[in-house]
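Each chain is listed here by its residues.
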Amino acid sequence: MLPDGMLAAGVVECRGGRIVRVGRGGRPPRGATVLDATGGLVLPGFVDLHVHGGGGADFMDGTPEAARRAIDSHTRHGTTTIFPTTTTGSPAAIEAMLAACREVRDEPGPARRARIGGVHVYGPYFAPDKVGCHAPTGRRDPLPAEYAAWFRDGLVRVATCAAELPGATAFYRHAAGRGCLVTCGHSNATWAEMATAFAAGVRHVDHFWCAMSSVASLRARCGTPMRAGMEQFVLATPEMSTEVIADGEHLAPDLLAFAAAMIGSRRLCLVTDANRALDMPPGRYRFGSATDGTWFESDGRVGRSGGALASSVRGMDHMVRSMVAATGLPLPTVVRMASLTPAERAGIASEVGSLEEGKRADIVVLSPRLAVRSVVVGGRICVRRPARRS
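Definitions and cut-offs
All residue numbers refer to position in the chain's written sequence, counted from 1. The model is predicted, so local features are restricted to residues of pLDDT at least 70 and side-chain atom pairs to those at 80 or more, both for listing and for counting; the totals for chains, interfaces and linings are taken over all residues. To obtain the side-chain values, all non-hydrogen atoms of the structure were used and water was disregarded. Secondary structure elements follow DSSP: runs of H or I no shorter than four residues count as helices, runs of E no shorter than two count as strands, and numbering proceeds from the N terminus. Our radius of gyration is a C-alpha quantity, and the globule rule it is checked against amounts to 2.2 Å times the number of residues to the power 0.38. Per-residue accessibility, obtained with a 1.4 Å probe over protein chains only, is compared with the maximum for each type, and a residue is labelled buried under 20%, exposed over 50%, and partly exposed between these values. Note on contacts: a residue pair is in contact if any heavy atoms of the two residues lie within 4.5 Å. By the counting rule applied here, Lys and Arg register as positive and Asp and Glu as negative, while His and the ends of each chain are not counted. For the purpose of locating charges, the reference atoms are NZ of Lys, CZ of Arg, CG of Asp and CD of Glu. Any carboxyl oxygen of Asp or Glu within 4 Å of a side-chain nitrogen of Lys or Arg constitutes a salt bridge here. Polar contact is the term for a pair of N or O atoms within 3.5 Å; when the atoms are in protein, one must be able to donate a hydrogen and the other to accept it, and sequence-neighboring residues count only if both atoms are side-chain atoms. When DSSP finds at least two bridges between two strands, those strands are taken to pair. Interaxial angles span 0 to 180 degrees and are taken between N-to-C directions of axes, which are lines fitted to C-alpha atoms, for helices over the stretch in contact. Note on terminology: a nonpolar core comprises buried Ala, Val, Leu, Ile, Met, Phe, Trp, Tyr and Cys residues joined through side-chain atoms within 4.5 Å. Two helices cross in a left-handed way if the nearer one is turned anticlockwise from the farther one by less than a right angle. They cross in a right-handed way if the turn is clockwise. For this classification, the nonpolar set comprises Ala, Val, Leu, Ile, Met, Phe, Trp, Tyr, Cys and Pro, the charged set comprises Asp, Glu, Lys and Arg, and every other residue, Gly included, is treated as polar.

Honestly, the overall build of the protein in this entry has me stumped. Any pointers?
Along its length, the protein carries eleven helices and 21 strands. Taken over the C-alpha trace, the protein has a radius of gyration of 20 Å; the compact-globule value for 390 residues is 21 Å, and the two agree within 12%. Expressed as lengths along the three principal axes of its C-alpha atoms, the size of the protein is roughly 70 × 40 × 40 Å. Taken across its 390 residues, the protein has 54% of its residues classed as buried. When contacts within the protein are restricted to residue pairs at least 6 apart in sequence, long-range pairs at least 24 apart make up 68% of them. A gap of 5 Å separates the mean positions of the 45 positive and 36 negative side-chain charges of the protein.

Right, dumping it as structure tokens:
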């Protein structure tokens, strides 16, 4: 799959962890490892901007072992670049999460799993009335001395804050000045507050329609006349991007189709927003830290807490299948939402997001039914499953 469509009977040649040729035909170089994708689909590896955990681990567990376990789970679903995502928590808990991700990112040697593209600082700067399933005790307004330390070494590449909080504008400017994708999430912001945030550097909104302002929520907050909020600001502002959780549980097919039609594949990202219950049996789990995170129930399809949704339990391959089914869009259009578009938004599209010469050899092979067959990270085969006869 190329950025502009499909190439039948194509060949991707990799050397030294990079793509050196994309085309048709030709014999493999002497001594090359051949990954036969006959009958399958060769795609760019997926890029996940918003992901909390998987395989029984949450990044907020704050250990390298937990980070590796979560990343391994997502690698099996085709993700090759991952942005571990914080939730609400104490300063010590967030620092431990950052330290663990830094250690795993900097491990030497060939790739064993998806690569950490950076950390997404998502919590703790949520609006008090939009905390959702996250622990409210760890929520707070932006603290310059706190977040300045988070940005000190370039590990944080995506940064979220609710636009209506005191100090939000300073946070946005600080994050934008360090080259981050700056986002607004878990917010009940008005159009005016979003316009101020945009001027300070915000260019993205987290999980569209989830924990965000609406005409109804703003009427409750601000009274009448009714006001526009985050949804309307994103739809009307070409520079803004957003993301959807296309697990079939958070958003109905008609909302997914609406998002795709109104926002388009160059501004709309697929994210998993997955928690530790990904690849785990149904049961009771903690969201966030294993020691003091909030409890939720997974039924194998989605997480729920007190009747409300509590993040997804699906990988990116599922999101792609669900989005294709909901929208009827061509597969390359949907795959772009899971690869090149998030890479562009995160500022790493020169390295990943599409099968082009010079980019990292991050590749996923899907079956005709869009199930993962193989995953290649940096030219190394990390997942390889036998092809099933149809």
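When you look at the side chain of arginine 286 in this model, what are you seeing that I'm missing?
For arginine 286, the location among the structural elements is in strand 15 (residues 283-287). For arginine 286, which is buried and forms no salt bridge, the nearest opposite charge comes from aspartate 292, at a distance of 6.4 Å. At 2.4 Å, the side chain of arginine 286 forms a polar contact with the backbone oxygen of glycine 293. With residues up to four places along the chain from it excluded, the contact list for arginine 286 reads Arg276, Thr291, Asp292, Gly293, Thr294, Trp295 and Phe296.

Can you walk me through the sheet that holds strand 12 (residues 204-205) in this structure?
Strand pairing within a sheet occurs via backbone hydrogen bonds; the two strands may be parallel or antiparallel. Spatial ordering of the open sheet is given by 9-10-11-12-13-14, a layout of six strands whose pairing is parallel. A single partner strand is all that each edge strand has here, and the edge strands are strand 9 (119-121) and strand 14 (268-270). Bridge count for strand 9 against strand 10 (residues 156-160) is three bridges, and the pairing is parallel. Note on strand 10: the bridge partner recorded for histidine 120 is valine 158. Sheet contacts for helix 9 (residues 316-327): strand 13 (241-244) and strand 14; angle to strand 14, the most-contacted strand, approximately 130°.

Help me understand the sheet that holds strand 20 (residues 372-377) in this model?
Strand order in the open sheet formed by four strands is 3-19-20-21, and the pairing between neighbours is antiparallel. Looking along the sheet, the strands with just one partner apiece sit at the ends: strand 3 (41-44) and strand 21 (380-384). Neighbour-to-neighbour, the strand axes of the sheet open up by a mean angle of 20°, direction not taken into account. Bridging between strand 19 (residues 363-366) and strand 20 involves four bridges; their strand directions are antiparallel. When the bridges of strand 20 are listed, valine 365 appears paired with serine 374.

Is there a simple way to explain the nonpolar core in this structure?
Within soluble globular proteins, side chains that are nonpolar tend to cluster in buried spots. Counting residues in hydrophobic clusters, the biggest one holds 91 residues, and the most contacted among them are Phe59, Tyr172, Met194, Val244, Leu270 and Met323. Setting aside its immediate chain neighbours within four residues, tyrosine 172 contacts Cys161, Ala162, Ala163, Val182, Thr183, Cys184, Ala197, Ala200 and Val202. Ranked by size, the runner-up nonpolar core spans seven residues in total, among them Cys133, Tyr285, Phe296 and Val313.

Which parts of the structure should I look at to understand the packing of helix 1 (residues 64-75) against helix 2 (residues 91-105)?
Angle between the axes and distance between the axes are the two parameters that describe a pair of packed helices. Direction vectors running N to C along helix 1 and helix 2 enclose 65°, while the axes themselves pass 8 Å from each other. The two elements helix 1 and helix 2 cross, and the hand of that crossing is right-handed. Of helix 2, the residues touching helix 1 (which contributes Pro64, Ala67, Arg68 and Ile71) are Ala100, Glu103 and Val104. Here the residues of the contact of helix 1 with helix 2 are counted per class, giving five nonpolar, no polar and two charged.

How do you make sense of the pattern of salt bridges when you look at a structure like this?
A side chain of one charge can pair with a side chain of the opposite charge if their charged atoms are brought near each other. Inspection of the entire model under this criterion finds 23 salt bridges. Among the salt bridges present, the one from aspartate 61 reaches arginine 276, with a minimum N-O distance of 2.7 Å. Here the residue aspartate 61 occupies a position in the loop between strand 6 (57-58) and helix 1, and arginine 276 occupies one in the loop between strand 14 and strand 15, the gap between them amounting to 215 residues. Salt bridges sharing partners connect three or more residues here, namely Arg68, Asp72, Glu103, Glu107 and Arg113.

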